[in-house]
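Below, each chain spelled out in residue letters.
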Amino acid sequence: MYRVTRLLMVIALLIMASPQFIAASPPQPTGFWASLRAYDVRVAYWTGVEPHYGAFFQGAYGRDQHYLGPGGDDATCASSSGCIRFWNWWGTYYSVLLVPKWGWLWTEPLGGPKWQPSNYQAMIWIG
Amino acid sequence: MKRLLLIATGAAVLLSILFVRLATARPSFQAPPEIAKIALHPQEFPEGWTVRTREGMTQPDDARHPLSRVNPSLISETFQKEIGDFLYSYTAYYQENYIWNGRYSGLAGNYIYQYASEEQAQKVGEALVNAARQAPNLFKEYDLPAKNGSVWGWAGKFRGEEGGDVDLFVGTKGPFLILLIVDGPPGEFQRGFEQLVGYLVHR
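Residues numbered from 1 in each chain as written. Chains lettered and ligands numbered in written order. Predicted model: local features only at pLDDT ≥ 70, side-chain atom pairs only at ≥ 80, totals over all residues.

(A) Focus on the overall build of chain A. A count of helical and extended segments in chain A gives three helices and seven strands. Beginning at the N terminus, the succession of helices and strands in chain A can be written as α-α-β-β-β-β-α-β-β-β. By residue count, 28% of the 127 residues in chain A fall in the buried class. Within chain A, contacts between residues at least 6 apart in sequence are counted, and of these 60% link residues at least 24 apart. (Helix = DSSP H or I, 4+ residues; strand = E, 2+ residues; numbered from the N terminus. Buried ≥ 20, exposed ≤ 12 C-beta atoms within 10 Å, placed from the backbone. Contact = placed C-beta atoms within 7 Å.)

Next comes the structure, spelled out in structure tokens:
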């Protein structure tokens, strides 16, 4: 009887340690989505000798981006990258929204609304 | 008596606010003296330009400066092999100058890399120039004496991916590699670039 009980306990432990059993446990929440504003607008990266600019967010996997400055999202449609919803995300964690030069930053005085980080808003994964 | 107490309390509050502000104030960045001597100074920018400067030390893996590991297209693989493993063994300084000339804005980036020796800096500088000369988007080389005083240098103009101009100056002085990159709409900042190069070649 004692042997059988010990055998059953060993089998039970083996089953609980198997990957299938672990995978079946409910996933633990590790983060959440939040609507955030960028904290910086500056050079993001280079291709050869050319700099590219971006709006930097705290977090990861940016999406649903909006411009909160004068004219809102519609104002961005004159940029060389088209409307803001088409602007690309960059970086290991996609936390940098690439900001175009033509029709956007280049025509804006320094300190103007297009250079203001708080005018860029997006949904960001906080994990 | 009450008035005196009120004044004393007010003064104490003001003094404590002042103390907290002074205690938490961050000192402004100070570049190492040798680098500060080479880097562009605020009074050297053209009259009529508004300039906002951000500066600091940086690392080989930081994407915000051009000679970083994350920008392998600056120097082709062939040249990287020729240079050897010291390409990214430097102490690096960045000076991002965001500029506005009254019509357009752009960037005048001054980057200084300190290598272990003059030979290393020269080797990287020459590799950069060789790579730049082979770039398909190079459309002008500036008439720059190869050596002005103690600075060896080269400058060229490129067409950017978004249709703008990118002016590049590569210089070396002792163990320092000096880069100046001006990015903006076509023709807008060329004079300013030439003026800034005029200062850098006489460091």
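(B) Geometry of the overall build of chain B. Each helix and strand in chain B was counted, giving five helices and eight strands. Reading the helices (α) and strands (β) of chain B from amino to carboxyl end gives α-α-β-α-β-β-α-β-β-β-β-β-α. When contacts within chain B are restricted to residue pairs at least 6 apart in sequence, those whose partners lie at least 24 apart make up 58%.

(C) Structural detail: the sheet that holds strand β5 (residues 89–90) of chain A. All names here are of chain A. Reading across the sheet, the four strands line up as β2-β3-β6-β5 and stay open at both edges, with antiparallel pairing between neighbours. Lying at the two open borders of the sheet, with one neighbouring strand each, are β2 (40–47) and β5. Where strand β3 (residues 50–56) meets strand β6 (residues 96–99), four bridges bridge the pair, whose relative direction is antiparallel. Bridge assignment links Ala55 to a residue of β6, and that residue is Leu97. (Pairing = 2+ DSSP bridges.)

(D) Representation of the confidence of the model for chain B. Residue-level pLDDT values for chain B average 89, and 86% of them are 70 or greater. Overall fold confidence (pTM) sits at 0.83, and the ipTM for the predicted complex is 0.85. (pLDDT = per-residue confidence, 0-100.)

(E) Here's a closer look at helix α5 (residues 190–200) of chain B. Residues and elements named next belong to chain B. The set of residues buried in α5 consists of Gly192, Phe193, Leu196, Val197 and Leu200. Buried residues of α5, seen end-on, are gathered within an arc of 135° and therefore sit on one face of the element. For α5, the exposed residues set more than 90 degrees away from the buried face come down to Arg191 and Gly198. Structurally, α5 contributes buried residues whose contacts are with β3 (105–114), β6 (151–159), β7 (165–173) and β8 (176–184). (Arc of directions from axis to C-beta.)

(F) Geometry of the interface of chain A and chain B. On the chain B side, the residues contacting the 20 residues of chain A number 31 residues. Where the side of chain A that touches chain B is concerned, the elements lending two or more residues are β2 and β3 of chain A. Here the side of chain A that touches chain B is built from residues that sort into twelve nonpolar, four polar and four charged. (Nonpolar A, V, L, I, M, F, W, Y, C, P; charged D, E, K, R; others polar.)

(G) Looking closely at the nonpolar core. Leu168 and Leu180 of chain B are the most contacted members of the largest nonpolar core, which has 72 residues in total. By residue number, the principal contributor to this core is β8 of chain B, which donates seven residues. The residues contacting Leu168 of chain B, other than those within four sequence positions of it, are Val49 of chain A together with Ala132, Ala155, Gly156, Phe158 and Ile181 of chain B. (Core = buried A, V, L, I, M, F, W, Y, C linked by C-beta atoms within 7 Å.)

(H) Quick peek at the sheet that holds strand β4 (residues 60–67) of chain A. Residue and element names in this part refer to chain A. Spatially, three strands are ordered β1-β7-β4 in an open sheet, and the strand pairing comes out antiparallel. The open sheet terminates on both sides in strands that have one partner only, identified here as β1 (32–37) and β4. Recorded for the sheet is a direction-independent mean angle of 25° between the axes of neighbouring strands. The pairing of β1 with strand β7 (residues 120–126) spans six bridges and is antiparallel. Among the inter-strand pairings, Leu36 is bridged to a residue of β7, identified as Ala122. (Axes fitted to C-alpha atoms, helices over the stretch in contact; angles between N-to-C directions.)

(I) Just the environment of Trp87 of chain A, in detail. All names here are of chain A. The residue Trp87 is located in the loop between α3 (72–75) and β5 in this model. Residue Trp87 is classed as buried on the basis of its C-beta count, with 23 C-beta atoms lying within 10 Å. Taking the C-alpha atoms as reference points, Trp87 and Leu97, ten residues apart in sequence, are found 7.0 Å from one another.

(J) Spotlight on unusual backbone geometry. All names here are of chain A. Positive phi is not limited to glycine here, since Asp64 has a value of about 50°. The exposure class of Asp64 is exposed, given the 11 C-beta atoms found within 10 Å. Even without being a glycine, Tyr94 presents a positive backbone phi close to 50°. With respect to the helices and strands, the residue Tyr94 is situated in the loop between β5 and β6.

(K) Structural context of the environment of Tyr94 of chain B. All names here are of chain B. Along the polypeptide, Tyr94 turns up in strand β2 (residues 91–100). The exposure class of Tyr94 is buried, given the 23 C-beta atoms found within 10 Å. Along the sequence, Tyr94 and Tyr113 sit 19 residues apart, while their C-alpha atoms lie 8.9 Å from each other. The contacts of Tyr94, once residues within four sequence positions are left out, are Glu55, Gly56, Thr58, Arg64, His65 and Tyr111.

(L) Spatial organisation of helix α4 (residues 118–134) of chain B. Residue and element names in this part refer to chain B. With 17 residues, α4 extends 24 Å between its outermost C-alpha atoms, agreeing within 8% with the 24 Å of an ideal straight helix rising 1.5 Å per residue. Every buried residue of α4 is accounted for by Gln120, Ala121, Lys123, Val124, Gly125, Ala127, Leu128, Ala131 and Ala132. Looking at the packing, one finds that the buried side of α4 touches α3 (77–83), β4 (138–141), β6, β7 and β8. (Expected span 1.5 Å × (residues − 1).)

(M) Representation of the environment of Leu138 of chain B in the model. Residues and elements named next belong to chain B. On the secondary structure map, Leu138 appears in strand β4. A count of 17 C-beta atoms within 10 Å places Leu138 in the partly exposed class. Sequence-wise, Leu138 and Gln195 are 57 residues apart; in three dimensions their C-alpha atoms are separated by 20 Å. In contact with Leu138, not counting residues within four places along its chain, are Ala132, Arg133, Gly156 and Phe158.

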